[in-house]
Amino acid sequence: MTEISQPDGTRLRLARQARGLSQQQLAGVAGVTRQAVSAVESGHSDPSLRVALGLARALGMTVEELFGPGDLGDPVLARPVAAVNGPGSRVALATVGDTFVALPLDADTGARLGFGPAGGLVAGGGEHQIAVRPIGPPRPTVVVAGCDPALPLLETPLSLLDPPLAFAWWPCGSGEALRLAAAGLVHAAGVHRAGPGAPPDPGAPDGVAAIPGGADVVRFASWREGLVVRPGAQVRGLDDVARQGLRLVNREPGAQARTLLDRERRRLGLDPAELPGYDTRAAGHLQVAAAIVGGLADAGVSSEPAALAYGLDFIPLAEERFDLVLPAKHAASREVQGLLKVLTSPWLLAQLASLPGYDAARCGERTC
């Protein structure tokens, strides 16, 4: 079977879209007309040498890369944010600074309500670096780690910027999000912060101090976090969960929900062995609520918005806010500047306000 290479016009279109440029914007940078760009992309005409050189320079490519033979999907080396399953597994592919970053698309991270698009397929590699064969050129993408299930709302306003930005979310606890930010693998780390009147957590990492070169902190939303149980359960606190032998669904170490559970457990003098299910690990707030609704557990610590979304009873334990930690070394990047812009967009603020239990009145404000 003869392998047919990608048409020149398709390659130009993918390269333009990967950089978030419209035909008019590319034409302006390249010094050609929009009609010339359109004609080449549609395959209606071959580019002249002047047009080919202008387009290649504007896209940061050689003429051969843009119009010559070759495999657009040659593997690139990327750093995975977590272990990948092996060759052929799907990943989201983005750049953070000068580094390609791969986000595994497995289980809960790969399916919100359905499978999301992959940026590439793993071709091989190890724990710290893998080879990824791109499915089309990587697009400028804002990469955010954190456990707030409202973070995917950022995708729409980012896509409406001119030029647009894509969005990639890695759901994880605050501790893991900060680790990824310190390693230079994300543009922003979502972290829980204690609200007014809440005792400080001595084990909580200082988000700014953990980031080489420092970081800015920007507000996202505030909510209450607490014990979540099925409606009508005779539970007023964690002591009732232990006394009745109810099954718990827990979060992973480093997650604020687990920290809050442990703080309450210690206050009540409870041992982990007194809480069946203590060693379980749910991936996020909504997963905790879903496990209870599905009958896999009787109680867990989650956010009030997650409890309300699943129609569960909620016993508050703490007032908390969710902030975004932005490493200073990426502050001037197009991705971070775009993120800061959309955090105060009317569309995003209206969406956050529509979620019961969310307070986004200070979304986008810088703090310390």
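Owing to the predicted nature of the structure, the values given are computational and were not obtained by experimental measurement.

A. Region of the structure containing the overall build of the chain. Scanning the chain from N- to C-terminus turns up 14 helices and 13 strands. Of all 368 residues assigned to the chain, the portion counted as buried reaches 49%. For the chain, the share of sequence-separated contacts (at least 6 apart) that also reach a separation of at least 24 residues comes to 72%. Just so you have it, the chain exposes about 17,100 Å², and 54% of that area is on carbon and sulfur atoms.

B. View of the packing of helix α2 (residues 23-30) against helix α3 (residues 34-42). Running from N to C, α2 and α3 point in directions that differ by 115°, and their axes come no closer than 8 Å. Taken together, α2 and α3 sit at an angle that is classed as roughly perpendicular. Crossing geometry of α2 relative to α3 is assigned as right-handed. Here α2 contributes Q23, Q24, L26 and A27 to the contact with α3, which in turn contributes R34, V37, S38 and E41.

C. Representation of the side chain of R321 in the model. Positionally, R321 belongs in strand β12 (residues 313-327). The exposure class of R321 is buried, given its relative accessible area of 15%. Of the polar contacts made by the side chain of R321, one reaches the side chain of D323; its length is 2.7 Å.

D. Layout of the sheet that holds strand β3 (residues 99-104). Strand order in this closed barrel of five strands is β1-β3-β2-β4-β5, and the pairing throughout is mixed. Here the average twist between neighbouring strands, direction ignored, is 55°. As paired strands, strand β2 (residues 90-96) and strand β4 (residues 120-125) are joined by two bridges and run antiparallel to one another. Within β4, the residue paired with R90 across the bridge is L121.

E. Expanded view of the environment of R57. Positionally, R57 belongs in helix α4 (residues 49-59). When the C-alpha atoms of R57 and V29 are compared, they prove to be 8.9 Å apart, with 28 residues separating the residues in sequence.

F. Representation of the side chain of H330. You can see H330 is positioned in the loop between β12 and α13 (334-343). Accessibility expressed as a relative area gives 7% for H330, which makes it buried. Apart from the residues within four sequence positions on either side, H330 is in contact with V96, G97, G184, V186, H187 and V336.

G. Local environment of the packing of α2 against α4. Look at α2 against α4: their axes get within 8 Å of each other, and the N-to-C directions meet at 105°. For the element pair α2 / α4, the angle class is roughly perpendicular. Packed against α2, whose contacting residues are L26, V29 and A30, the element α4 presents G54, L55, A58 and L59 at the interface. The residue inventory of the contact of α2 with α4, partitioned by class, reads six nonpolar, one polar and no charged.

H. Up close: the packing of aromatic side chains. Taken as a whole and assessed by the stated rule, the structure comprises three aromatic pairs. Ring plane angle 70° and centroid distance 6.2 Å describe the contact between F220 and F322, whose orientation is recorded as edge-to-face. Placement of F220 in strand β9 (residues 215-229) and of F322 in strand β12 is noted, with a sequence separation of 102 residues between them. The two residues F220 and F322 agree in class, both being buried. Each ring, one from W223 and one from F322, has its centre 5.7 Å from the other, and the planes form 25°; the classification is stacked. Of this pair, W223 sits in strand β9 while F322 sits in strand β12; the two residues are 99 residues apart in sequence, bridging distant segments of the chain. Its relative accessible area of 0% is what places F322 among the buried residues. Here the aromatic residues F220, W223, F322 and Y358 are joined through ring pairs into a cluster of three or more. Against the face of Y278 rests R258, its NZ or CZ located 5.0 Å from the ring centre.

I. Representation of the pattern of salt bridges within the structure. One pass over the structure, following the stated rule, counts 12 salt bridges. Several salt bridges converge on common partners, so that one network encompasses R219, R321 and D323.

J. Broad picture of a nonpolar patch on the surface. A cluster of nonpolar side chains, namely L286, V293 and Y310, defines an oily patch on the protein surface of about 240 Å² accessible area. Along the polypeptide, Y310 turns up in the loop between α12 (304-309) and β12. On the basis of relative accessible area, Y310 is assigned to the partly exposed category, the value being 36%.

K. Seen up close, unusual backbone geometry. With an omega dihedral of 0°, the bond running from D162 to P163 counts as a cis peptide bond. Structurally, P163 can be placed in the loop between α7 (155-159) and β7 (166-170).

The rules behind these values
Residues numbered from 1 in each chain as written. Predicted model: local features only at pLDDT ≥ 70, side-chain atom pairs only at ≥ 80, totals over all residues. Heavy atoms only, no water. Helix = DSSP H or I, 4+ residues; strand = E, 2+ residues; numbered from the N terminus. Buried < 20%, exposed > 50% of the residue type's maximum accessible area, 1.4 Å probe, protein only. Contact = heavy atoms within 4.5 Å. Areas by Shrake-Rupley, 256 points an atom, 1.4 Å probe, with all protein chains shown as cover. Axes fitted to C-alpha atoms, helices over the stretch in contact; angles between N-to-C directions. Parallel < 35°, antiparallel > 145°, perpendicular 65-115°, else oblique. Left-handed = near helix turned anticlockwise from the far one by under 90°. Polar contact = N/O pair within 3.5 Å; in protein donor to acceptor, adjacent residues only side chain to side chain. Pairing = 2+ DSSP bridges. Nonpolar A, V, L, I, M, F, W, Y, C, P; charged D, E, K, R; others polar. Phe/Tyr/Trp six-rings, centres within 6.5 Å; stacked < 30°, edge-to-face > 60°. Lys NZ or Arg CZ within 6 Å of the ring centre and 35° of its normal. Salt bridge = Lys/Arg side-chain N within 4 Å of Asp/Glu carboxyl O. Patch = residues over 30% accessible without salt bridge, like charges linked within 9 Å, V, L, I, M, F, W, Y side chains within 5 Å.

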